[in-house]
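Descriptive analysis of the structure
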Amino acid sequence: MKHKKIYLTFAILMLSVSLFAQEAENNEVIDLSNELGMHAGFTTGVGLSFRHWSGKYGFQLTAIPLKADDFKFVSLGVTGLYSLNNKKYTRFYLYFGNHLLIDSSFDGWDGEYYDTETRYNVGFGTGFEVGRKVRYTIMLGYGGYNITDSDYSLLPTIETGLYFKL
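Quick summary incoming for the structure in this document. This is a predicted model, so every value here is computed, not measured.

1. A few points about the environment of Trp 53
Mapped onto the elements, Trp 53 comes out in strand S2 (residues 45–54). C-alpha separation for the pair Trp 53 and Asn 34, spaced 19 residues apart in sequence, amounts to 6.5 Å. Apart from the residues lying within four places of it in its own chain, the contact partners of Trp 53 are Leu 32, Ser 33, Glu 35, Gly 58, Leu 81, Tyr 82, Ser 83, Arg 91, Tyr 93 and Glu 129.

2. A few points about the packing of aromatic side chains
All told, the structure shown has 5 aromatic pairs when counted by the stated rule. Ring centres of Phe 50 and Phe 59 lie 6.2 Å apart, and the angle between their planes is 55°; on these two criteria the pair is classed as tilted. According to the relative accessible area criterion, Phe 50 is partly exposed, its value standing at 27%. With a centroid separation of 5.2 Å and 55° between ring planes, the pair formed by Tyr 57 and Tyr 82 is classed as tilted. One end of the pair, Tyr 57, is in strand S3 (residues 57–67); the other, Tyr 82, is in strand S4 (residues 71–86), and 25 residues separate them in sequence. Note on Tyr 57: relative accessible area 56%, which makes it exposed. Taking NZ or CZ as reference, Arg 51 lies 4.5 Å from the ring centre of Tyr 163, over its face.

3. So, the pattern of salt bridges
Applying the stated criterion to the full structure yields 4 salt bridges. Ionic pairing is found between Glu 129 and Arg 51, a salt bridge with its closest N-O pair at 2.6 Å. Taken together, the residues Glu 129 in strand S6 (residues 112–130) and Arg 51 in strand S2 connect sequence positions 78 residues apart. Its relative accessible area of 0% is what places Glu 129 among the buried residues. A salt bridge links Arg 91 to Glu 129, with the shortest nitrogen-to-oxygen separation between them at 3.2 Å. Of this pair, Arg 91 sits in strand S5 (residues 90–107) while Glu 129 is found in strand S6, placing the two residues 38 residues apart along the sequence. Of the two residues, Arg 91 and Glu 129, neither departs from the other in class, the shared state being buried.

Rules and cut-offs
Residues numbered from 1 in each chain as written. Predicted model: local features only at pLDDT ≥ 70, side-chain atom pairs only at ≥ 80, totals over all residues. Heavy atoms only, no water. Helix = DSSP H or I, 4+ residues; strand = E, 2+ residues; numbered from the N terminus. Contact = heavy atoms within 4.5 Å. Phe/Tyr/Trp six-rings, centres within 6.5 Å; stacked < 30°, edge-to-face > 60°. Buried < 20%, exposed > 50% of the residue type's maximum accessible area, 1.4 Å probe, protein only. Lys NZ or Arg CZ within 6 Å of the ring centre and 35° of its normal. Salt bridge = Lys/Arg side-chain N within 4 Å of Asp/Glu carboxyl O.

And the structure:
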């Protein structure tokens, strides 16, 4: 008798979920999503990356700190995202990236760091991603490299990443 009640409750629950489920109009995806993956970009950062989409707006955090006996390397990227078109398997969006790089070499003889270089890059452009649970993304745009220094550069940029939806 106990098992029949459990099966009946489960059947009613499954039926109600299937009855109230809705398909997005025109295959449009409107829900929130979190993604975790790897990213490499000149203006958006290098390393482990987390993305959060809330409707049309999103952000991306990318970072990797590395330290060994003879060097330190830190990459930190914060990127703003704006979705133009979001379908079940694709997304087209705009981005604005900020990337801070700190690179230090270590002199083992006197125990001090030398040649510490800090660079700040910014960029903007368009991005495209494809996939459902695993998403491959490519971003193309224009970037300012080492903009805090007097010998900055303005050049095209390319960024790429591989993300897993959580």
